[in-house]
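Architecture and fold: a report
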Amino acid sequence: MDVKYKRILLKVSGEALAGSKGAGFDEPTMESICMGIKQAYDLGAQIGIVVGGGNFWRGRSSGKMERTCADKIGMLATVMNCLAVADQLNQLGVPTEVQTSIVMPQVANVFTRNSAVQSMEQGKVVLFGGGTGNPLFSTDTASALRAIETGCDIMFKATMVDGVYDKDPKKHADAKKYDSLTFTEVLEKNLAVMDGTAATLCRENGLPILVFDLMHPENIAKAVQGDAIGTLVIEK
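Within each chain, residue numbers correspond to sequence positions counted from 1 in written order. In keeping with the model being predicted, local features are shown solely for residues with a pLDDT of at least 70 and side-chain atom pairs are shown and tallied solely at 80 or more, while totals for entire chains, interfaces and linings include all residues. Computation of side-chain values covers all heavy atoms of the structure but excludes hydrogens and water.

Numbering of helices and strands starts at the N terminus; helices are DSSP runs of H or I of at least 4 residues and strands are runs of E of at least 2. Helix and strand counts for the chain come out as 8 helices and 11 strands. Taking 2.2 N^0.38 as the reference for a compact globule, 236 residues should give roughly 18 Å; the C-alpha atoms of the chain span a radius of gyration of 17 Å, in line with that estimate. A simple rule labels every residue: compare its accessible area, found with a 1.4 Å probe on the protein chains alone, to the largest value its type can have, and call it buried under 20%, exposed over 50%, or partly exposed in between. For the chain, the residues scored as buried account for 50% of the 236 residues in total. In these tables, accessible area is a Shrake-Rupley quantity obtained with a 1.4 Å probe, and a residue counts as shielded only by the protein chains included in the view. Entry remark: accessible area of the chain is about 11000 Å², with carbon and sulfur atoms responsible for 50%. The size measure is the radius of gyration over C-alpha atoms, and the globule rule it meets is 2.2 Å times the number of residues to the 0.38 power.

By the element assignment, Pro-169 lies in the loop between strand S7 (164-165) and strand S8 (177-178). Relative accessible area serves as the criterion here: at 32%, Pro-169 is assigned to the partly exposed category. Here, two residues are considered to be in contact whenever any of their heavy atoms come within 4.5 Å of each other. Ignoring anything within four residues of it in the chain, the contact list for Pro-169 reads Val-161 and Ala-175.

What follows is about the state of the cysteines. Cysteine sulfur atoms are paired as a disulfide whenever they fall within 2.5 Å. Per the stated rule, a full pass over the model turns up 0 disulfides. We note that Cys-202 lacks a disulfide partner, and the nearest cysteine sulfur, in Cys-152, lies 11 Å from it. Given the relative accessible area of 0%, Cys-202 is considered buried.

This brings us to the environment of Ala-158. Within the element layout of this structure, Ala-158 appears in strand S6 (residues 154-159). We classify Ala-158 as buried; its relative accessible area is 3%. A C-alpha to C-alpha distance of 9.4 Å links Ala-158 and Gly-230, two positions 72 residues apart in sequence.

In this analysis an axis means a line fitted to C-alpha atoms, helices contributing only their contacting stretch, and an angle means the value between N-to-C directions, from 0 to 180 degrees. Running from amino to carboxyl end, helix H5 (residues 139-149) crosses helix H7 (residues 196-205) at an angle of 20°, the nearest separation of the two axes being 8 Å. In this view, H5 runs roughly parallel relative to H7, as classed from their interaxial angle. You can see that H5 and H7 cross each other, and the crossing is left-handed. For the pair H5 and H7, contact is made by Asp-140, Thr-141, Ala-144, Leu-145 and Ile-148 and by Thr-197, Ala-198, Leu-201, Cys-202 and Asn-205, respectively. We call Asp, Glu, Lys and Arg charged. Ala, Val, Leu, Ile, Met, Phe, Trp, Tyr, Cys and Pro are nonpolar, and the rest, Gly among them, are polar. In terms of residue class, the contact of H5 with H7 is built from 6 nonpolar, 3 polar and 1 charged. Each angle receives one of four descriptions, namely roughly parallel if under 35 degrees, roughly antiparallel if over 145, roughly perpendicular if within 65 to 115, and oblique otherwise. Whether a crossing is left-handed or right-handed is set by the direction in which the near helix is turned from the far one by less than a right angle, anticlockwise for left-handed and clockwise for right-handed.

Two aromatic rings from Phe, Tyr or Trp, using only the six-membered ring of Trp, form a pair when their centres are within 6.5 Å; if the ring planes differ by under 30 degrees the pair is stacked, by over 60 it is edge-to-face, and anything between is tilted. A full pass over the atoms with the stated rule returns 4 aromatic pairs. Aromatic side chains Tyr-5 and Phe-156 sit 6.0 Å apart centroid to centroid with 85° between the ring planes, which places their arrangement in the edge-to-face category. Taken as a pair, Tyr-5 in the segment before strand S1 (7-12) and Phe-156 in strand S6 lie far apart in primary sequence, 151 residues in all. The buried category is assigned to Tyr-5, whose relative accessible area is 12%. Take Phe-156: its relative accessible area is 0%, and that puts it in the buried class. Between Phe-156 and Phe-212 the ring centres are 5.5 Å apart and the planes differ by 75°, which places this aromatic pair in the edge-to-face class. Here the residue Phe-156 occupies a position in strand S6, and Phe-212 occupies one in strand S10 (residues 209-213), the gap between them amounting to 56 residues. Among the aromatic residues, those joined into a ring-pair cluster are Tyr-5, Phe-156 and Phe-212. When the NZ atom of lysine or the CZ atom of arginine is within 6 Å of a ring's centre and also within 35 degrees of its normal, the charge is said to sit over that ring. Here Arg-146 stacks its cationic end above the ring of Phe-111, 3.9 Å away from the centre of that ring.

Dropping the structure here:
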C-alpha cells in the first residue's frame, strides 16, 4: 500500500506508557500503542521512535536537585522506556534496534546517523534513547534532531489530545482546534506544541510535525497514509 510518509520519527510521551496507572508501565496500554506502531510498520513505513521519560521522572519538578543532574536521570529514564517498547514490538514480530546518545554498550548500541539510517532501511524500528546526550534539552528537541539527522519526512508527535488548540481544551469548552499552523505562529502565540528550541530547529530545517491523539493508536497508520487527522505544523 502506498504511504504519504515513507520515513517517520514518532515521539511518544513517557506518560502515555503509564496509561491509567499514572506512573511506570501499563502493559495493556503499551501493547495497544505498539500494535498501532506495527500497523504503520506493516504499511511499509520506516520508523524511528523517541520516548519521553515522564512516567518515571520529571526533571523540572524534582525539587532542589541541581538541574543538570535531574536531567541526566530523566535521560536514563528514556533508555528504560526504549528498551520496554522495543521488547513489546519484538513480541509482536517487529524487529527493533535501540540506540542511545550515552555510551552504554551492555545496554544498547551507541547512536550514529549512518547506523540508524542503515537499520531503518533494513526494516528495523529504531528507538533513540538518552535524549540529545546533553542536559537542558527536551525530548522534543531530541526528536527533532534525530528526525532531521536521519532524513525523516515528518515528525509525529503523539499526545493525549487530538491536535493543537489555542488554549487547554480540558479547561476551556470554547478552545479552538487548529487544522494547520506554521512554526512561526507556534512561537509567536506560545502554543503548547513543543519547546522553542525544537520548534526553531524544525522551522529552520523544513521538518513538518503532525500532532495527534495517541489514545487511538490506529492514528499512527492513518497519519502515515496522509489521512486528515490532528494538527499539521509546517512552514509554508
